Amino acid sequence: MSESTSIVQLFVGLLLSAAGAHASCPIELSPPSVVVKYGDPVSINCSTSETLFEGIGWEATEGAKVLQNVTHLTWTVDRLTDWYISPSCYFNPLENSPIDQCFIIPEVVLYTFPEAITISSNSAFKGVLKEMEEYNFTCDIPNIAPVQSLTVRWYKGDDLLRTETFKNPSKERVNQTSILGFKATRQDSGVTFRCEAHMDLGHEELQFNVSSQDYHIKVHFGPEVQCSGNEFLEGETLEKKCPVAGNPTPFVKWLKDGQPADPTLPLTRENAGQYIIEAEGSSHTRKELQVLVLCECLIQMDQSCYVQKLTLHWSMLPTISPVLLRAFLNLRSSGTKMARRWIFSETLTRRQAGQYIITASNKHSSVNLSVDITVLYPPSQIVELVDSEVDVGSTVWLKCSSTGNPRPKYFWDYYRTDNVMEDNDDGVSRLLIHNVTAFNMGLYTCHAWNDMGNVSETARVTVKGAKQECPIEITPDRMVIEYQGRSQNATCKAISNLSGNVKEIYWQDKQGIKTSTSWSADTYKDWDPRPVCTATFEGIGSCQKRLNFTLYKTPDSVSIRPVNHTGPMVEGKEYQLLCEVQNIAPVQYLTLRWYRGQTEVYNHSFADLTSTSPVQVSSILLVTPTKAENGAQYRCVAELELGPEGPKPPPTVTSEPLNASVYFPPAFLNPEPEVLDLIEGAEITLNCTATGNPAPVYSWQSSHPIPERMEDEAVLTSSSLIPGTYTCTASNTLEKRSKQFIIKAATKGA
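How each quantity is defined
- Residues numbered from 1 in each chain as written.
- Predicted model: local features only at pLDDT ≥ 70, side-chain atom pairs only at ≥ 80, totals over all residues.
- Heavy atoms only, no water.
- Disulfide = S-S within 2.5 Å.
- Helix = DSSP H or I, 4+ residues; strand = E, 2+ residues; numbered from the N terminus.
- Phe/Tyr/Trp six-rings, centres within 6.5 Å; stacked < 30°, edge-to-face > 60°.
- Buried < 20%, exposed > 50% of the residue type's maximum accessible area, 1.4 Å probe, protein only.
- Lys NZ or Arg CZ within 6 Å of the ring centre and 35° of its normal.
- Contact = heavy atoms within 4.5 Å.
- Salt bridge = Lys/Arg side-chain N within 4 Å of Asp/Glu carboxyl O.

## Let's talk about the state of the cysteines
Phase 1: Tallied over the full model, the rule gives nine disulfides.
Phase 2: The side chain of cysteine 492 participates in a disulfide bridge whose partner is cysteine 533; the two sulfur atoms lie 2.3 Å from each other. Linking cysteine 492 and cysteine 533, the disulfide has an S-S dihedral of approximately 75° and is accordingly described as right-handed. Separated by 41 residues along the polypeptide, cysteine 492 in strand E43 (residues 489–494) and cysteine 533 in strand E47 (residues 532–537) bring together distant segments of the chain.

## Quick look at the packing of aromatic side chains
Phase 1: A complete count under the given rule lists 17 aromatic pairs for this structure.
Phase 2: Taking 5.6 Å as the distance between ring centres and 85° as the angle between the ring planes, the aromatic pair formed by phenylalanine 137 and tyrosine 215 counts as edge-to-face. Of this pair, phenylalanine 137 sits in strand E13 (residues 134–144) while tyrosine 215 sits in strand E19 (residues 215–216); the two residues are 78 residues apart in sequence, bridging distant segments of the chain.
Phase 3: For phenylalanine 137, a relative accessible area of 0% translates into the label buried.
Phase 4: Of the residues examined, tyrosine 215 reaches a relative accessible area of 5% and is grouped as buried.
Phase 5: Chaining the aromatic ring pairs together yields one cluster made of Phe137, Phe182, Phe193 and Tyr215.
Phase 6: It is arginine 194 that lies over the ring of tyrosine 155; its NZ or CZ is 4.3 Å from the centre.
Phase 7: The ring of tyrosine 595 has arginine 635 sitting right over it, with the charged end atom 4.8 Å from the ring centre.

## Quick word on the environment of proline 650
Phase 1: Locating proline 650 in the fold gives a position in the loop between strand E56 (633–640) and strand E57 (652–654).
Phase 2: Each C-alpha atom of the pair proline 650 and leucine 640 lies 5.7 Å from the other, and the pair is 10 residues apart in sequence.
Phase 3: Setting aside residues no more than four positions away along its own chain, proline 650 makes contact with Glu639, Leu640 and Glu641.

## Considerations on the pattern of salt bridges
Phase 1: Scanning all chains against the criterion turns up 27 salt bridges.
Phase 2: In this structure, aspartate 528 engages lysine 510 in a salt bridge whose closest nitrogen and oxygen atoms are separated by 3.6 Å. In this pair, aspartate 528 is assigned in the loop between strand E46 (518–520) and E47 and lysine 510 in the loop between strand E44 (502–508) and strand E45 (514–515), connecting sequence segments 18 residues apart.
Phase 3: A salt bridge links arginine 596 to glutamate 629, with the shortest nitrogen-to-oxygen separation between them at 4.0 Å. Of this pair, arginine 596 sits in strand E53 (residues 590–596) while glutamate 629 sits in the loop between strand E55 (615–623) and E56, placing them 33 residues apart in sequence.
Phase 4: Via salt bridges that share partners, Lys253, Glu278, Arg286 and Glu288 belong to a single interconnected network.

Listed below in structure tokens is the structure:
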């Protein structure tokens, strides 16, 4: 790099608006606002670019600084504990100055945030609630400030129940409570509650969260006597047909005729009668029950049992053990038609299907009944359906098999694509997946059913080297809209239009607000809406895709000025030029380009910043000027490169040019001494011309007289000069420099 090339460095910083600042007040705070933890140190620098003023100072209850004639003054407190502190930097101009006395008050926010919060309830016994009674849960947040930045969230398990914010304007720390009202049901027994405290102080590094411990609850209810009726078959038990529910588990006592009765024993006809049920648990319950016992007789005729008069003989083809069988016979005795029912005490199984011959006889007659029994049973557990791991482009079979009577029918739940075929044949269902893709990954559930019941089994298909695809299509996939411009609609839909694939699909923003399959932005405020399309698919479950959305704003202004300097620059000294960009978004797409004349001397990207809302940024260019740069113009150009979806060409805003005036000392065209021959009677010229800024002033010295009118000329031309040494001095405000001219008499004949 040549000596005439400027040294360029770039510094970038976010600039925020200062509270209480006056546009005409020539002082600047850095930073203009601070957020400080209680008891931590704090400092704010106050500076001015003015050169003629009485001084600047700080007024504050802590860390005040008296008026001083300096260009910058720092307010510092080693341990900040004053909740209402409001320091003020003031500027005193010189007397008769056109600038008024003024001041700027920075915004100082002092905060505390607890390390732990607690949760409690007003139940008499910790964690024990009674069903359908109202309770209050209390979340205690100690030593919190500022409370208006606090948000409390209540959770039951992982479900958000309530969000609470606070309008208390106090700046001091307080002990804040949040109360949640709740009516318990028995289904809530065993769940946990918790509260979370969140504080957002306006920046990602200043967001705090803390959660209480889990608060476990038990819900007491009952006892409840849940009889399904008062008619019991012989062999049934009181306990099975009249269960007693409650939490805690009730102590149950059965009484018959004042005497304890065992509810676990099978009933006989002799056990019919009046019973009293007493249950002790969360409360006391007493219930009376008239129990009727239906006879499990071999033959039941006219609601009476005549076992002593009738006998029943079985012969079975094939031979089996007794089973539960209901058959009705029409017998005639003395010309009367009588209905009889047989009930056996075991349950039929599929192995006991076949032909049965029933013989009923008494002293009057005998009758035979041939019965063909078909046993219906639900589908058996599905077999042969297993998980599969396959390669992309391969073919895979999924097989589902079950037995039942009637023969089971099948249906499948999975994400349906065009490359899947179903085949049902000979009591077996198969799925053929050919040319497997990532969209075939997921769960495949086979259901087998008949009139007696249903079963299901699930297998997972994994595709080697493939990632689970979310089959959502967003149009457009990226949206770039200008601030306060015309909004656009983004739609999301399932890639496949096969029926049954989509269970639910919707848009949701970062606030949790759900909309339909179309989403549009509010171009006045949606700087960071984070719209996400979420869908639930058969076989895949829930997945989502995010819309790449950008709301951009060109800067309100781009300006350039020197830092801590006014007037011309001096060659060889280092100076700072500040480029300020006001209200630009999003800053990560910004490139600041510095130009000297038409030459770009530096550019810088802000890709490392993450803010999506308008911010102020600045760039400092360090420049060491040379005399060649005298009169050069510096410009700063803010360019938003928003990608292929953004406007073309990229929007730019250019600062007003800054004209650089560079002072440099005199420099002669030829600084070496010059020797000239003088010919008698001829004019001789001594050229002392030098370049410099400000323009040099000339003077001549010699032991010989110099015409008075030429003493301050750059070029001395005369025919009256005589041999000797003549010294020319060129000077400006920076330096003086001299050059000698030696005049010799020309030798005769030369």
